[in-house]
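Listed below are the residues making up each chain.
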Amino acid sequence: MSESFENQKYAPIGVFDSGVGGLTVAREIMRQLPQERIIYFGDTARVPYGSKSRETIVRYSRQIIHFLESKGVKAIVVACNTASAFALEKIRPEMKMPIIGVVKPGAKVAAEITQNGRIGVIGTEGTVGSHIYTEMIHMHNPEATVLGKACPLFVPLVEEGWLKDPITVQVAKRYLVYFQESDIDTLILGCTHYPLLRAMIREIMGERVNLVNPAYETAQGLKRLLEQHEIANDGGMLGEPMYQFYVSDAAEKFKNFANSILPCEIEEAQLIHIEE
Ligand code: DGL
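Residues numbered from 1 in each chain as written. Predicted model: local features only at pLDDT ≥ 70, side-chain atom pairs only at ≥ 80, totals over all residues. Heavy atoms only, no water.

(A) The sheet that holds strand 5 (residues 118-123), seen in detail. Reading across the sheet, the four strands line up as 6-5-7-8 and stay open at both edges, with parallel pairing between neighbours. The outermost strands of the open sheet, each flanked by one partner alone, are strand 6 (145-150) and strand 8 (210-212). Taken over all neighbouring pairs, the strand axes of this sheet differ in orientation by 20° on average, direction set aside. Taken together, the six bridges between strand 5 and strand 6 define a ladder with parallel strand orientation. In the sheet register, Ile 119 faces strand 6, and the bridge partner there is Val 146. Sitting on the sheet, helix 8 (residues 132-140) is in contact with strand 5, strand 6 and strand 7 (186-189), with an inclination near 160° to strand 6. (Pairing = 2+ DSSP bridges. Helix = DSSP H or I, 4+ residues; strand = E, 2+ residues; numbered from the N terminus. Axes fitted to C-alpha atoms, helices over the stretch in contact; angles between N-to-C directions. Contact = heavy atoms within 4.5 Å.)

Next up, the structure:
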């Protein structure tokens, strides 16, 4: 193996989202790939992504990927369903390094576990309107019926930290009533913010419905990708910071939130001007 490949093994993984949602994916990477370093970017100045146009999300994603590349990452995880839906396939051909999103892994697992072929998807307006989950599920299970429901208020409620608030319960009930007569047996949490509301969604949907959090499968997919490219970290280069966090606004609020859900304590989130 060449020396540059050797060094690449020890480079971090770049992970990004519009805000705190992608931390649910970062958390899963930390659990499943504990030897990998992570550089996380949360676009807290420009959240939400879910109501913005495809062109805007492609532009934001390009800026963030350039920033992560400048930090020397070896692979990118698009820890945002909206950016995975709108930007991933557009940007992939421009990239030299491996890149993975969250939609494909989530769709695959839902198609595999459904018993009755009736799958619900909740996500942002962008993700649900793109019908990307339907397309991806049909690749594995062409007969499946896929019902999508946009839940745009979930993102600001999660960013605000109202994970158990009665108002969030009311909002969740109002959105999820859509599935009441639908007979779905599987529901994809198709926005990386939503696993933070998992207990509430479980309570409303009942035990009979499988809840799919694409983060788990995404971390598995990342592991395979790093192995294929022979850039998985074997535990070397100790002393480098394991995890670094960058945001485009409200760094202190982000840090406090991250510390409430991550398995490690983060000391700071650094503020950067992503447009520059
Ligand atoms: N967490 C992101 C997603 O998975 C984006 C949410 C948003 O910013 O609207 O779609």
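(B) Inspection of the pattern of salt bridges at higher detail. On inspection of all chains with the given rule, the structure shows 12 salt bridges. Taking the shortest distance from any N to any O, the salt bridge between Glu 275 and Arg 46 comes out at 3.0 Å. Of this pair, Glu 275 sits in the segment after strand 10 (269-271) while Arg 46 sits in the loop between strand 2 (38-42) and helix 3 (54-70); the two residues are 229 residues apart in sequence, bridging distant segments of the chain. Given a relative accessible area of 8%, Arg 46 falls into the buried group. What you see here is one network of salt bridges that share partners, running through Asp 43, Arg 46 and Glu 275. (Salt bridge = Lys/Arg side-chain N within 4 Å of Asp/Glu carboxyl O. Buried < 20%, exposed > 50% of the residue type's maximum accessible area, 1.4 Å probe, protein only.)

(C) Main features of the environment of Arg 37. With respect to the secondary-structure elements, Arg 37 resides in the loop between helix 2 (23-32) and strand 2. Taking relative accessible area as the criterion, Arg 37 reaches 9% and is therefore assigned buried. Sequence separation between Arg 37 and Asn 81 is 44 residues; the distance between their C-alpha atoms is 22 Å. Polar contacts involving the side chain of Arg 37 include one to the main-chain carbonyl oxygen of Tyr 10, which spans 2.8 Å. One polar contact links the side chain of Arg 37 to the main-chain carbonyl oxygen of Pro 241, over a distance of 3.1 Å. (Polar contact = N/O pair within 3.5 Å; in protein donor to acceptor, adjacent residues only side chain to side chain.)

(D) Main features of the packing of helix 6 (residues 103-113) against helix 12 (residues 214-228). Between helix 6 and helix 12, the shortest axis-to-axis distance is 8 Å and the interhelical angle comes to 115°. Accordingly, the angle class assigned to the pair helix 6 and helix 12 is roughly perpendicular. Handedness of the helix 6/helix 12 crossing: right-handed. Along the contact surface, helix 6 presents Pro 105, Gly 106 and Val 109, while helix 12 presents Pro 214, Glu 217 and Thr 218. When grouped by side-chain class, the residues that make up the contact of helix 6 with helix 12 number three nonpolar, two polar and one charged. (Parallel < 35°, antiparallel > 145°, perpendicular 65-115°, else oblique. Left-handed = near helix turned anticlockwise from the far one by under 90°. Nonpolar A, V, L, I, M, F, W, Y, C, P; charged D, E, K, R; others polar.)

(E) Main features of unusual backbone geometry. Here the bond from Val 47 into Pro 48 is cis, since omega is 5°, no more than 30 degrees from zero. Topologically, Pro 48 is positioned in the loop between strand 2 and helix 3. A positive phi is found at Glu 230, a non-glycine position, where the angle reads about 55°. Within the secondary structure, Glu 230 is located in the loop between helix 12 and strand 9 (243-247). You will see that Ala 250, though not glycine, has its phi angle at about 50°, which is positive. Inspection of the secondary structure puts Ala 250 in the loop between strand 9 and helix 13 (251-261). Here Ala 250 falls in the partly exposed class, since its relative accessible area comes to 38%.

Fair warning: the whole summary comes from geometry, so function is off the table for now.
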